[in-house]
Structure formats: structure tokens, C-alpha cells
Amino acid sequence: MAVSALLAAGLSGHAFLNALADTPVSGTISTNTTWGTNGSPYVVTNALEVNSDVALTLQAGTMVQFFSNSMITIRGSLIARGESNSPISFVNAPSQASGGGILFLGSNYSSCASGIVENCVFSNMYCLGPAEYPAANAVIWSSYATLDIRKCTFQDFNSDAIRSTYSTVSITDNDIDNVREALNLVYSAGNIVSNRISRIHGHNDGVDVDFAWSGPGSAAIRIEWNEVSVGIDDPLDPNSVDAIDLGFCSTNVLIAGNIVSNFTDKGVSIGDFSYPIVRNNQIRNCNMGIGIKDFSSPSMENNTIVHCTNGITLFAKYSGPATGTLSNSIVSHCGNGITLLNGSTLSVGHCNIQDTLWPGIGNIASDPLFVDEAAGDYRLDASSPCINTGTNM
């Protein structure tokens, strides 16, 4: 009996799977199953589903290959823990132009799928999304799931890396390079921390958050200590790539300690009734450092925005003007420091807006005198006029 048939029948004993090499898999896994290196590579030739209350465990060094648009659907749990010197690999099968993906699919907030994905490498993948999002695609999808994804590499595919809906996520210390959208969270909560995200392709974003979590527990989203660099335009849709994009009532979001550079649209985009805290970020070489629109109102403090065409712009794109507060921040060497459009307002205090002395308490308009601007060292020189001009927050 073929392995795929065994899996479909729920007869997937550990010893049998580990005894094979180049193992084709499809059908249904209905008992706890482990894939090890002895059976590797496991080739997903068609749809493969892991039942609820069932765990699929992948050992370090295992390789999983996918036929085009094939998918592993996890209704139970996936435990894929590689090691730094022996990662788990997810790739296209040699005969296929691209591989498939993984869908974590729970039923509701009390019956979630789950995944632990650590020290894994995903490359040359492409997968269609679930039925409710037929036009979208991603290598990892989740709906009603809890995910812990860390120390993984996602690289070189014409697809999004991770999309979550109605899920709680911890996405930390990953490298995501040369993809479409890197991370997209919809009705989700959790942490996006210490990731390195680069080369995001046309009309997509590095980190995209839409709608507030409505499930149990904390609704907070932390986007902290990430490096997000280089947006690559679609020639037919220029100036359309944001590093971090909040939309559609994204509340309870903290954007802090990120380094953002070289995006053709916005370093941070805040729209559609969103009210985040934006703190301690460095944003440089973007068309717009921070863009705020459509009744959004962020609290912004201790940010450094340099070498952008427009430092901070508030405007109405679809619905109405924006507001916000800005304190203890530097906007320097930008074509326009602060721009207010369509009746938008911004309260500014204890800031250095180099191109103009902005109204407000404690504002200055001076060269901030960075330590080594040419080398990207934006710490303040000992002689900087910005030292001791801020206020305690």
C-alpha cells in the first residue's frame, strides 16, 4: 500500500514512515505522526490534511517537498522544530516550478489549530489561499489558529510569506527576503518582534495589519525591533510599497524600535480609524516617513525621520482628515518636514523639525548633528542641539 494511502487510512505508524526514503504523502493523517530524516524528503503530491486533535511532528533535518499548489492543512497541530545547523526545509519538488504551502485551519476561537515552526527554511513556494480568500496566496496561512514562528527563513517566492486571520501569533527572529507581502495580520493579535524583512515587491507591504482582534485574551499587537528595508515597485503601480501599514480600525498596536529604510511609499502608514503608539523608530529614505490618514490619530514619540521626500504627512485619502500628537522627535533632511492636508491637525512639542520652527512648546529647527550620518549612525553628537530639549514621557 502506498504511503499516501496509508495516511489517508490513518495508518501512519512512526516506524513505517521513518523507514522509507523519498516518501510521497497525501490524503489524511488521523493519528499522531512523526516525519524523520530517514523518510526524507516527504513529497506532498496532493492535498494532505492533519485532523483536529492530531499532531504532525517534523524532526530536525527533514525536507518537505511540494507539488505546485499542493497544501498541507493543519486542523490539529504542527510541530516543526529544526536546529540552527539542521533546519527543516520546505521547498518545491524538483519537477515543479514552485511548491505549495501550509494552512492552519481551526473552527472557532475555542477550537484552534496550532503550529510551532522553528529553524525552518521556506524557499521557492507558491500556494493559493483558502476558499474565503481565493485571490490571495501565502506560504503559511492561518484561520483560527495559534502560531509560534521563530528563527525561520522565507526567501525567493512570488507569494506572501505569512497571512493570519482570527489568529494569535508570535513571529520572532525570522529572515524574510524577496517576497510579496511579508506579514499580513487580519483580525489577529500577538507579537512581530526582531525580524529582518527585505525586498518587498510591488503594491504589498512589509508588515500589514488590518482590523482589531475580537477573540479572547489580549488584543494587543506589538511590532517591535524589526529591520524592514527595500520596497521594490511594480512598474505599473509605482510608489505603492509600505514598510508597515495599519488599516481598518487597527487599535491597540505598538510600533516601536523598528529601523525602516528605502521604501517607495511610506515607512509607516496609518489609516482608517487606527490609533497606534509609534515610538523610538528610525525611518529613512522613504517617500513618506509617516503617513496618517482617514480619521486616524496616532501618538508618536522619540522617532527619528531622515532623508524622506516627506517627513510626516496627514491627509484624507478616502474618508476624512487625520490628527495626532508628536513629541521628542526629529524630522531632518526631508523635502517637507510636516505637511497637513484636508483639515488635518498635529500637536507637536519638544521636536526638532529642521525645515521650519513648528508651533508648540519646546520645538526647535536646527541641524540635529548626528554622529555619522553618512554611515547611518543617527545617534546624537555630544554637541547636538537636541540634547536635553525633550520632555519626560
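All of these numbers come straight from a predicted model, not from anything done at the bench. All chains use their own residue numbering, which begins from 1 and follows the written sequence. Local features are withheld for residues below a pLDDT of 70 in this predicted model, meaning they are given only at 70 or higher, and side-chain atom pairs are given and counted only at 80 or more; totals for whole chains, interfaces and linings count all residues. To obtain the side-chain values, all non-hydrogen atoms of the structure were used and water was disregarded.

In this section: the overall build of the chain. In terms of helices and strands, the chain carries two helices and 38 strands. Each of the three principal axes of the chain carries a C-alpha extent, and together these read 80 × 40 × 40 Å. Approximately 15,100 Å² of the chain is accessible, and the part contributed by carbon and sulfur atoms is 51%. Charged side chains in the chain number 15 positive and 33 negative. The centres of these two groups are separated by 4 Å. In this text, helices come from DSSP runs of H or I with a minimum length of four residues, and strands from runs of E with a minimum of two, each type numbered from the N-terminal end. Only the protein chains shown count as cover for residues, and the accessible areas themselves come from Shrake-Rupley with a 1.4 Å probe. In this charge count, Lys and Arg are treated as positive and Asp and Glu as negative; neither His nor the chain ends contribute. Charged groups are reduced to one reference atom each: NZ for lysine, CZ for arginine, CG for aspartic acid, CD for glutamic acid.

With that settled, consider the pattern of salt bridges. Here, a salt bridge means any side-chain nitrogen of Lys or Arg that lies within 4 Å of a carboxyl oxygen of Asp or Glu. Going through the model one piece at a time under the given rule, you end up with 12 salt bridges. Here Arg-199 and Asp-177 are joined by a salt bridge, their closest N and O atoms 2.6 Å apart. Placement of Arg-199 in strand β20 (residues 196-201) and of Asp-177 in strand β17 (residues 175-179) is noted, with a sequence separation of 22 residues between them. In the salt-bridge network here, residues are joined through shared partners; they are Asp-160, Arg-163 and Arg-180.

The aromatic pairing rule takes the rings of Phe, Tyr and Trp, using the six-membered ring of Trp, and pairs them if the centres are within 6.5 Å, calling planes under 30 degrees apart stacked, those over 60 edge-to-face and the rest tilted. Applying the stated criterion across every chain yields a total of 12 aromatic pairs. Plain terms: the ring middles of Phe-66 and Phe-90 are 6.5 Å apart, the flat faces sit at 35° to each other, and that makes the pair tilted. Here Phe-66 is found in strand β5 (residues 63-66), whereas its partner Phe-90 is found in strand β8 (residues 88-92), with 24 residues between them in sequence. Pair check on accessibility: Phe-66 and Phe-90 agree, each one buried. Through successive ring pairs, a cluster of aromatic residues spans Tyr-109, Tyr-144, Tyr-166, Tyr-187, Phe-211, Trp-213 and Phe-248. Exposure is judged per residue with a 1.4 Å probe applied to protein chains only, and the accessible area is read against the type maximum: over 50% gives exposed, under 20% gives buried, and values in between give partly exposed.

Let's shift gears to the pairing of strand β6 (residues 71-74). Every second residue of β6 is oriented toward a common face, with Met-71 and Thr-73 on one face and Ile-72 and Ile-74 on the other, all of them buried. Pairing between strand β3 (residues 42-50) and β6: three bridges, direction parallel. Directly across from Glu-49, in β6, lies its bridge partner Thr-73. For two strands to be treated as a pair, DSSP must find at least two bridges joining them. As paired elements, β6 and strand β9 (residues 101-105) share four bridges and run parallel to each other. Bridge pairing links Ile-74 to Phe-104 in β9.

Attention shifts here to the pairing of β20. Pairing of β17 with β20, which is carried by four bridges, proceeds in the parallel orientation. Looking across to β20, one finds that Asp-175 is bridged to Arg-196. With five bridges joining them, β20 and strand β23 (residues 227-232) adopt parallel strand pairing. For Ile-197, the partnering residue across the bridge sits in β23 and is Val-228.

In this scheme, patches are assembled from residues that exceed 30% relative accessible area and form no salt bridge. Like charges are connected within 9 Å, while nonpolar side chains (Val, Leu, Ile, Met, Phe, Trp, Tyr) are connected within 5 Å. Nonpolar side chains collect at one region of the surface, where Phe-273, Tyr-275 and Phe-295 lie side by side and expose about 280 Å² of accessible area between them. Secondary-structure assignment places Phe-295 in the loop between β28 (282-293) and β29 (299-301). For Phe-295, a relative accessible area of 36% puts it in the partly exposed group.

With the exception of glycine, most residues fall at negative phi, and the peptide bonds are largely trans. Cis geometry is adopted by the peptide bond preceding Pro-41, which originates at Ser-40 and carries an omega value of 5°. The topology assignment puts Pro-41 in the loop between β2 (33-35) and β3. The phi dihedral of Tyr-144 falls on the positive side, at around 55°, and the residue is not glycine. With a phi close to 55°, His-307 is a non-glycine residue in the positive phi region.

Turning next to the state of the cysteines. Linking two cysteines covalently through their sulfur atoms gives a disulfide. Note on disulfides: each one is a pair of cysteine sulfur atoms within 2.5 Å. Counted by the stated rule, this structure contains zero disulfides. Cysteine Cys-334 is unpaired, with the sulfur of Cys-308 as its nearest cysteine sulfur at 4.8 Å. Residue Cys-351 stays outside any disulfide, its sulfur separated by 9.7 Å from that of Cys-386, the closest cysteine. Overall, Cys-351 belongs to the buried group, its relative accessible area being 2%.

All right, on to the side chain of Asn-328 then. Tracing the backbone through its elements, the reader meets Asn-328 in the loop between β32 (325-327) and β33 (330-332). A polar side-chain atom of Asn-328 sits 2.6 Å from the main-chain carbonyl oxygen of Thr-391. Any pair of residues with heavy atoms lying within 4.5 Å of one another is described as a contacting pair. Excluding anything up to four places from it in sequence, Asn-328 contacts Asn-302, Asn-303, Gly-349, His-350, Cys-351, Gly-390, Thr-391 and Met-393. Under this definition, polar contacts are N or O atom pairs within 3.5 Å; protein pairs additionally need one hydrogen-donor-capable and one acceptor-capable atom, and for neighbouring residues in sequence, both atoms have to be side-chain atoms.

Looking now at the environment of Asp-160. You can see Asp-160 is positioned in strand β15 (residues 160-165). In contact with Asp-160, not counting residues within four places along its chain, are Asn-137, Ala-138, Val-139, Arg-180, Glu-181 and Asn-204.

Summarising the element assignment, Ser-89 is placed in strand β8. For Ser-89, the residues in contact, after removing those within four places along its chain, are Thr-62, Met-63, Val-64 and Val-121.

A residue-level look at the chain finds 91% of positions with pLDDT of 70 or above and a mean pLDDT of 91. Residue-level confidence of the predictor, termed pLDDT, takes values from 0 up to 100. Confidence drops under a pLDDT of 50 for residues 1-20, and excluding neighbours within four residues, the segment shows 50 contacts in the predicted structure.

Position of Ile-79 among the secondary structure elements: in strand β7 (residues 77-81). For Ile-79, a relative accessible area of 26% corresponds to the partly exposed category. In this structure, the C-alpha to C-alpha distance between Ile-79 and Asn-124, residues 45 residues apart in sequence, is 22 Å. With residues near it in sequence (within four places) discarded, Ile-79 still touches Leu-56, Thr-57, Leu-58 and Ile-116.

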